[in-house]
Amino acid sequence: MGYVVQKSVEEINRKIKKGKVVVVTAEEMIGIVEKYGPEEAARRVDVVTTGTFAPMCSSGAFLNLGHPKPRIKISEAYLNGVPAYGGLAAVDIYIGATALPKDDPRNAVYPGQFRYGGGHVIEDLVAGKDVLLRAYGYGTDCYPRRELETLINIKDLNEAFLFNPRNCYQNYNCAVNTSNRMIYTYMGVLKPRLGNATYCSAGQLSPLLNDPYFKTIGVGTRIFLGGGVGYVVSHGTQHTTEVERGRKGVVKEPAGTLALTGDMKGMNTRYLRGVSILGYGVSLAVGVGIPIPVLNEEIAWHTSVKDEEIWTQIVDYSHDYPYCEHRVLGEVNYAQLRSGEIEIEGKKVPTAPLSSYYMAREIANVLKDWILSGRFLLSSPVEPIPSEGFVCRSLKIRPAK
């Protein structure tokens with residue numbers, strides 16, 4: 001397809017180095033396209049920055065602890081009492097954001113109790129706090145130590161990489177509860193009989209809603225992650241493309257996802273925080289900002305998407321979870337959700353976000369400043385993220401033979 005405006009990432013990077021680049025946030029791009037149209041907007045703007053900040057359960061961190069004397073091959077590990085995975089090389093471990101201590105009384109599942117888990121361990125490490133490591137090995141000739149207890153600190157670790165298998169969901173459900181009892185979910189506390197509605201997206205600022213067909217975001221894309229620099233590793237788990245789309249190609253339900261990584265030593269806890277979700281468990285709130293190079297007028301048009309054009313499904317979580325009975329009660333757009341009240345089946349229902357629009361806006365602006373100052377260059381993907389042919393399947397339960 002031919003375009004009137006044609007740019008390249010290399011051309012934009014040259015502008016960044018010369019201090020002549022034009023960068024706006026996705027919020028600002030809406031008005032520019034409305035005023036000038038997508039073709040002229042593509043001429044005027046080089047980069048659009050996006051942002052999101054929300055709990056992202058499929059997150060975690062790889063840590064290399066360094067070898068003690070004598071050496072140990074870790075098969076079991078705990079960080080501040082939270083289990084970490086040790087089935088890797090000798091002193092490599094992985095801590096998942098939703099991991100919980102087995103016998104910690106703080107983690108009894110009942111309303112009103114704070115829970116400490118993997119997301120909080122990651123936050124404590126990034127904050128520079130000492131974390132208690134307890135590790136166990138089975139003992140070999142080359143790794144004779146069987147037990148290890150010590151305080152660790154991120155400044156002493158060889159490596160600490162955030163590695164998140166599924167972040168940045170491309171749209172997500174609006175959650176409600178039609179049952180007669182309160183339910184506790186990863187979408188927050190849902191009151192009975194449509195007592196409230198929760199949602200989790202930055203809408204018009206969200207990265208994958210501004211690049212719905214993955215024209216610029218792909219494997220190797222350099223991003224803002226947790227306050228530092230990160231990269232797109234792959235499409236994320238549960239990535240799907242076979243969904244209904246609305247205006248500007250925007251999906252109407254959970255669809256594309258990204259796997260992300262970045263060096264935790266460059267991150268900060270303003271953009272990476274442990275989360276305790278009432279009656280559900282723990283997670284990690286992750287700040288992600290992705291720059292979108294405006295290579296042509298089509299990309300300019302997509303990056304002008306606004307909340308009124310982004311629709312999502314209203315899903316009854318008293319049926320969809322835990323029974324996988326997908327009951328959709330209607331559709332709603334993000335302008336309506338952000339107004340604080342929507343109407344469902346003739347009833348006015350208050351809304352509340354799990355994601356922070358304030359922080360998403362801040363992340364988009366921080367990334368904008370990084371690019372304008374010349375400290376952040378764009379990268380061209382080495383492989384595209386699939387935009388068709390991917391379906392997220394349910395598990396088929398089959399009897400074991």
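How each quantity is defined
- Residues numbered from 1 in each chain as written.
- Predicted model: local features only at pLDDT ≥ 70, side-chain atom pairs only at ≥ 80, totals over all residues.
- Heavy atoms only, no water.
- Pairing = 2+ DSSP bridges.
- Helix = DSSP H or I, 4+ residues; strand = E, 2+ residues; numbered from the N terminus.
- Axes fitted to C-alpha atoms, helices over the stretch in contact; angles between N-to-C directions.
- Contact = heavy atoms within 4.5 Å.
- Phe/Tyr/Trp six-rings, centres within 6.5 Å; stacked < 30°, edge-to-face > 60°.
- Buried < 20%, exposed > 50% of the residue type's maximum accessible area, 1.4 Å probe, protein only.
- pLDDT = per-residue confidence, 0-100.
- Patch = residues over 30% accessible without salt bridge, like charges linked within 9 Å, V, L, I, M, F, W, Y side chains within 5 Å.
- Areas by Shrake-Rupley, 256 points an atom, 1.4 Å probe, with all protein chains shown as cover.
- Salt bridge = Lys/Arg side-chain N within 4 Å of Asp/Glu carboxyl O.
- Lys, Arg positive; Asp, Glu negative; His and termini not counted.
- Charge placed at Lys NZ, Arg CZ, Asp CG, Glu CD.
- Polar contact = N/O pair within 3.5 Å; in protein donor to acceptor, adjacent residues only side chain to side chain.
- Core = buried A, V, L, I, M, F, W, Y, C linked by side-chain atoms within 4.5 Å.

A short note on the sheet that holds strand 8 (residues 131-137)
Next, step 1: One open sheet accounts for four strands, arranged 6-5-8-9; its pairing is antiparallel. Strands at the two margins of the open sheet, each flanked by one partner only, are strand 6 (82-84) and strand 9 (147-152). Averaged over all pairs of adjacent strands, the angle between strand axes in this sheet comes to 25 degrees, irrespective of strand direction.
Next, step 2: Here five bridges tie strand 5 (residues 74-79) to strand 8, and the two strands are oriented antiparallel to one another. The partner of Leu79 across the bridge, within strand 8, is Leu133.
Next, step 3: Where helix 3 (residues 118-126) meets the sheet, its contacts fall on strand 5, strand 6, strand 8 and strand 9, and the angle it forms with strand 8 comes to roughly 120 degrees.

Examining the packing of aromatic side chains
Next, step 1: With the rule as written, the count across this model stands at 13 aromatic pairs.
Next, step 2: A centroid spacing of 6.5 Å and a plane angle of 75 degrees characterise the contact between Tyr78 and Tyr136, whose relative ring orientation is edge-to-face. With Tyr78 in strand 5 and Tyr136 in strand 8, the pair connects residues that are 58 residues apart, well separated along the chain.
Next, step 3: Relative accessible area serves as the criterion here: at 23%, Tyr78 is assigned to the partly exposed category.
Next, step 4: A relative accessible area of 30% places Tyr136 in the partly exposed class.

What to know about the confidence of the model for the protein
Next, step 1: When the pLDDT values of the protein are averaged, the result is 95; 97% of them are 70 or greater.
Next, step 2: Across the protein, element-level confidence peaks in strand 2 (residues 47-49) with a mean pLDDT of 99 and bottoms out in helix 6 (residues 317-323) with 86.

As for a positive patch on the surface
Next, step 1: On the surface, a cluster of positive charge is contributed by Arg14, Lys17, Lys18 and Lys20.
Next, step 2: With respect to the helices and strands, the residue Lys18 is situated in helix 1 (residues 9-18).

Some details on the side chain of Ser58
Next, step 1: When you line up the elements, Ser58 lands in the loop between strand 3 (52-55) and strand 4 (60-64).
Next, step 2: The class of Ser58 is buried, set by a relative accessible area of 18%.
Next, step 3: When neighbours within four sequence positions are excluded, Ser58 is seen to be in contact with Asn164, Pro165, Arg166, Asn167 and Thr237.

A look at the sheet that holds strand 2
Next, step 1: Spatial ordering of the open sheet is given by 1-2-21, a layout of three strands whose pairing is mixed. Where the open sheet ends on each side, the last strands, each with one partner, are strand 1 (23-25) and strand 21 (291-293). Going across the sheet, the axis of each strand differs from the next one's by a mean of 25 degrees, ignoring polarity.
Next, step 2: Here strand 2 runs beside strand 21; their pairing, made up of three bridges, is antiparallel. From the neighbouring strand, Val47 faces strand 21, where its bridge partner is Pro293.
Next, step 3: In the packing of helix 2 (residues 26-44) onto the sheet, the strands contacted are strand 1 and strand 2, and the crossing angle to strand 1 comes to about 100 degrees.
Next, step 4: Docked against the sheet, helix 8 (residues 357-373) engages strand 1, strand 2 and strand 21, running at close to 175 degrees with respect to strand 1.

As for the environment of Val21
Next, step 1: Among the structural elements, Val21 can be located in the loop between helix 1 and strand 1.
Next, step 2: As a C-alpha pair, Val21 and Val315 span 294 residues in sequence and 42 Å in three-dimensional space.

Observations concerning the environment of Thr198
Next, step 1: Secondary-structure assignment places Thr198 in strand 14 (residues 197-199).
Next, step 2: Note on Thr198: relative accessible area 5%, which makes it buried.
Next, step 3: As a C-alpha pair, Thr198 and Thr351 span 153 residues in sequence and 5.6 Å in three-dimensional space.
Next, step 4: The residues contacting Thr198, other than those within four sequence positions of it, are Asn173, Cys174, Ala175, Met187, Leu190, Ala352 and Leu354.
Next, step 5: Reaching out from Thr198, the side chain makes a polar contact with the backbone oxygen of Met187 at a distance of 2.8 Å.

Structural notes on the side chain of His239
Next, step 1: With respect to the helices and strands, His239 occurs in the loop between strand 17 (228-235) and strand 18 (258-263).
Next, step 2: His239 gets classed as buried once you look at its relative accessible area, which sits at 4%.
Next, step 3: Separated by 3.1 Å, the side chain of His239 and the backbone nitrogen of Thr257 make a polar contact.
Next, step 4: Sequence-distant contacts of His239, defined by excluding residues within four places in its chain, comprise Phe214, Ala255, Gly256, Thr257, Ile385, Pro386, Phe390, Val391 and Cys392.

A short note on helix 3
Next, step 1: Among the nine residues of helix 3, eight are classified as buried, and the element is accordingly described as predominantly covered.
Next, step 2: Residues of helix 3 that are buried: Gly118, Gly119, His120, Val121, Ile122, Asp124, Leu125 and Val126.
Next, step 3: Taken from the residues just after helix 3, Gly128 is the one with a positive phi, measuring 85 degrees.

Some details on the nonpolar core
Next, step 1: Counting 47 residues, the largest nonpolar core has Leu63, Leu65, Leu79, Leu258, Met264 and Val288 as its most contacted members.
Next, step 2: Counting residues per element, this core draws most heavily on helix 3, at four residues.
Next, step 3: Each residue touching Leu63, except ones within four places of it in the same chain, is listed here: Leu79, Val91, Asp92, Ile93, Leu125, Leu157, Glu159, Ala160 and Met264.
Next, step 4: Val9, Tyr271, Ala285 and Met359 belong to the second-largest nonpolar core, a separate cluster that totals 22 residues.

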